[in-house]
Amino acid sequence: MIFWTLAALAVLAAVTLWRARAHEARVEERWPPSGRIVTVEGHPVHVREAGEGPPVVLIHGASGNLRDFTFSLMGRLARDYRVIALDRPGLGYTPRLGNGGASIVEQATLLQQAAEQLGAERPIVLGHSYGGAVALAWAVHHPESLSALVPVAAASNPWDSPLSLYYRLTSHPWLGPVAVALIAAWVPDRVVERAVAEVFAPQPVPDGYGAHFGPGLTLRRATLRENALQRASINAEIRTLHSRYGEIDVPTEILHGDADTTVGLSIHSEPLSRQIEGARLTVLEGIGHMPHHAREGAVVAAVDRAAARAGLR
């Protein structure tokens, strides 16, 4: 009996690994890198560039990649700016920084160096959601290397709710690798599509967004694991970082929807607007967690105001 049980488990493991590899090959063929790779101190970073003018760096959120910005916002900003979108470590086509889950400070340092290597020495830095925390880490730890800051629905202050069961499982030291292999092998991409719809709520997902964004890219083993580890540690990292927001002295334009149930306005952007001297908060009525899609014009206007305040326009 034990023999047959072990044999069945071995077969399941082999099939799972085969399906996971096959799924990853399919999604990478369908959604290949859309930009180019630059190397920062030996580490590849996937970047996409468009436009001319004052530089703007775009940092995406959790479970995402730079395609979230290239769907629409990047093209809109590229009319007046040189726009640089980057994949964060472990997501999209930027490889992981080790196996422990890159901190927001490590990510900020890598992306700042990538932007500098591209000639964008003091860009406006826009970060959405988790990417907003990375943008804030950039402003705190590399203050001389940016001109202005635009946090959009940014995770910025500590919160009390516990880590979800999903992230506790996928970030677990030994259960995590097993869980992400099973997810990559057996969970269909439409599950991610449903999750995307929840993130956009109460607004609908824009037509064509799913096909452009590439939900299957999120269901690769390395991406699942890295995203889980990053998500498991961000609250503690923000708890350390947020006491230093008073050091930020660049023009800061904050945007947040009052219907955001993913990153709460009252927990995050409202206190953030008081922690950074001169920061301006724009509250978007009825808007959920994706203002850069639901109110793209308001996000562009915030970048314009930040550029004007920084003397770039």
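Coordinates for the structure precede this section.
Cut-offs used in this document
Residues numbered from 1 in each chain as written. Predicted model: local features only at pLDDT ≥ 70, side-chain atom pairs only at ≥ 80, totals over all residues. Heavy atoms only, no water. Core = buried A, V, L, I, M, F, W, Y, C linked by side-chain atoms within 4.5 Å. Buried < 20%, exposed > 50% of the residue type's maximum accessible area, 1.4 Å probe, protein only. Helix = DSSP H or I, 4+ residues; strand = E, 2+ residues; numbered from the N terminus. Contact = heavy atoms within 4.5 Å. Expected span 1.5 Å × (residues − 1). Pairing = 2+ DSSP bridges.

Q: Describe the nonpolar core, listing the residues and the values that go with them.
A: Val45, Ile104, Trp138, Leu149, Tyr245 and Ile248 are the most contacted members of the largest nonpolar core, which has 40 residues in total. Of all the secondary structure elements, the ones that give two or more residues to this core are strand E1 (36-40), strand E2 (43-50), strand E3 (55-59), strand E4 (82-86), helix H4 (104-117), helix H5 (130-141) and helix H10 (221-241). Ranked by residues supplied to this core, first place goes to H5 with 9 residues. Filtering out sequence-adjacent residues up to four positions away, Val45 remains in contact with Arg36, Ile37, Val38, Val40, Leu86, Asp87, Thr94, Leu110, Leu111 and Ala114.

Q: Account for H4, with residues named and values stated.
A: Taking 1.5 Å of rise per residue, 14 residues should cover 20 Å, and H4 covers 20 Å from first to last C-alpha, within 8% of that figure. Residues of H4 that are buried include every one of Ile104, Gln107, Ala108, Leu110, Leu111, Gln112, Ala114 and Ala115, and no others. Here the buried face of H4 lies against E1, E2, E3, E4, H5 and H10. At the exit of H4 stands Gly119, carrying a positive phi of roughly 90°.

Q: With reference to specific residues and values, describe the environment of Asp189.
A: On the secondary structure map, Asp189 appears in helix H8 (residues 189-200). For Asp189, a relative accessible area of 21% corresponds to the partly exposed category. Sequence spacing of Asp189 and Leu217 is 28 residues, and the spatial spacing of their C-alpha atoms is 9.0 Å. In contact with Asp189, not counting residues within four places along its chain, are His23, Val27, Trp31, Pro215, Gly216 and Leu219.

Q: Report on the pairing of strand E5 (residues 124-128), specifying residues and quantitative values.
A: For E5, the buried fraction is high: 5 of the 5 residues fall into the buried class. What you see with E5 is no split at all: Ile124, Leu126 and His128 on one side and Val125 and Gly127 on the other are buried throughout. In the sheet, E3 pairs with E5 via 4 bridges, with the strands oriented parallel. Counted as the bridge partner of Val56 is Ile124 from E5.

These figures capture arrangement, not role.
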